[in-house]
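Descriptive analysis of the structure
Take a look at the letters that make up each chain.
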Amino acid sequence: MISVSDVRSRDIRFHYDLTTVFYRLLRGQHIHHGLWDPEHGQVTGDSPLVAQIHLVNTLATKALISAGQRVLDVGCGMGGSSIHLARERHCDVTGITLSPVQKLWATTSAAFSGVRRRTRFRQADAEAIEFSASQFDVVWSVECTEHLFDKPAFFRKAAKWLKPGGRMAICAWLAGEKSDTPAGVEQVRQVCENFLCPSLGSESDYVGWMTAGGLEMVEAADWTDQVLATWEICERRVRRTGMRWLAKLVDRNTQNFLNHFETILNAYRSRAMGYGCFVARKN
Ligand SMILES: C[S@@+](CC[C@H](N)C(=O)[O-])C[C@H]1O[C@@H](n2cnc3c(N)ncnc32)[C@H](O)[C@@H]1O
């Protein structure tokens, strides 16, 4: 795991409060990578939205999500996954996010999408909140655990929220296989600082945290090559629009975020960073 010391929880919350509109313009309702199949090519294949939905559907299928299940969406953003799972897989979804703006956005979107009764959104810190033991069939988290400070503690706690037979489904930015060189460490450190991640765990860290929580791994997959087109598309969108100029009116963290897409792309290309999909089961 590679850690930095100067990320604070209130900066993460503030970032998502302020940048929800930027994210909406850049990425749509889903604030996560798209998943392109290798045979589609990196950028010329499916649209970003189709690729994002493909990522959600692929993870949902691996996690055996089905109608009537209770799902906890940790770090739910604007409700992209939660609303999709409620609408398409007929689940009952609880979403939590640090950001009150996102909570409001997700709640409103769910109502417009006709899934108000099957979703609820709370503003809560995943590292502080408690749920009853065995409350959920699935604990789902797409690109939130990067932001957590004590990742092992979160996984120990979240494993308890699962019913026996329940699954944990995680997509996460990783410290990659080439992150153990000085140049690799520096690339990951820059990503952590500019994208407000206190640390990035490696694939084996995630496997270790889940198994330490008593879960049995079903799959740990490297999706790096299938997701990196996301940042090429974001970089083009930022260049073509006035988003950089607009960000100057907002705050330093938003400017950093928009100015470092190249940093993250280079980190993926050098394998200092990776992108992982993890599914684990509670026996
Ligand atoms: C990159 S966004 C991903 C959003 C969503 N999962 C999606 O895929 O569209 C990261 C999300 O994690 C949330 N987050 C970060 N730290 C958190 C914490 N400690 N507790 C709850 N949510 C957190 C942010 O508020 C944001 O919604």
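For the structure, check the block above.
Anyway, here's the lowdown on the structure attached to this text. For clarity, every value in this text was computed on a predicted model and none was experimentally measured.

The buried fraction of strand β9 (residues 273–282) is high, at nine of 10 residues. Relative to β9, strand β6 (residues 162–175) is paired through nine bridges, and the arrangement is antiparallel. What sits directly across from R167, in β9, is R281. The pairing of strand β8 (residues 215–222) with β9 spans seven bridges and is classified as antiparallel. Bridge pairing in β9 links E216 to R281.

Before going further, it helps to spend a moment on unusual backbone geometry. The residue L64 is not glycine, and still its phi comes out positive at about 55°. Located in the positive-phi region is E143, a residue other than glycine, with phi close to 60°.

The seven strands are arranged β4-β3-β2-β5-β6-β9-β8 in an open sheet whose pairing can be described as mixed. The open sheet has two edge strands, β4 (119–123) and β8, and neither has a second partner. Direction aside, the axes of adjacent strands within the sheet are offset by 15° on average. Two elements, strand β2 (residues 70–74) and strand β5 (residues 136–142), share three bridges in a ladder whose sense is parallel.

Among all positions of helix α7 (residues 203–212), only E203, D205, Y206, W209 and M210 are buried. All buried residues of α7 project into a common sector of 160° when viewed along the axis, lining one side. Along α7, exposed side chains directed more than 90 degrees from the buried face belong to S204 and A212. Looking at the buried side of α7, the elements it contacts are α5 (151–161), β6, β8 and β9. Of the residues flanking the end of α7, it is G214, one or two places downstream, whose phi is positive at about 90°.

Grouped together as the largest cluster of nonpolar side chains are 80 residues, with contacts concentrated most on V71, V139, M168, V188 and M273. Looking at this core, the element that brings in the most residues is β6, giving nine residues. Look past the residues within four positions of M273 in its chain and what remains in contact with it is W173, L174, A175, G176, Q187, V188, V191, I264, A267 and Y268.

Analysis parameters
- Residues numbered from 1 in each chain as written.
- Predicted model: local features only at pLDDT ≥ 70, side-chain atom pairs only at ≥ 80, totals over all residues.
- Buried ≥ 20, exposed ≤ 12 C-beta atoms within 10 Å, placed from the backbone.
- Helix = DSSP H or I, 4+ residues; strand = E, 2+ residues; numbered from the N terminus.
- Pairing = 2+ DSSP bridges.
- Axes fitted to C-alpha atoms, helices over the stretch in contact; angles between N-to-C directions.
- Arc of directions from axis to C-beta.
- Contact = placed C-beta atoms within 7 Å.
- Core = buried A, V, L, I, M, F, W, Y, C linked by C-beta atoms within 7 Å.

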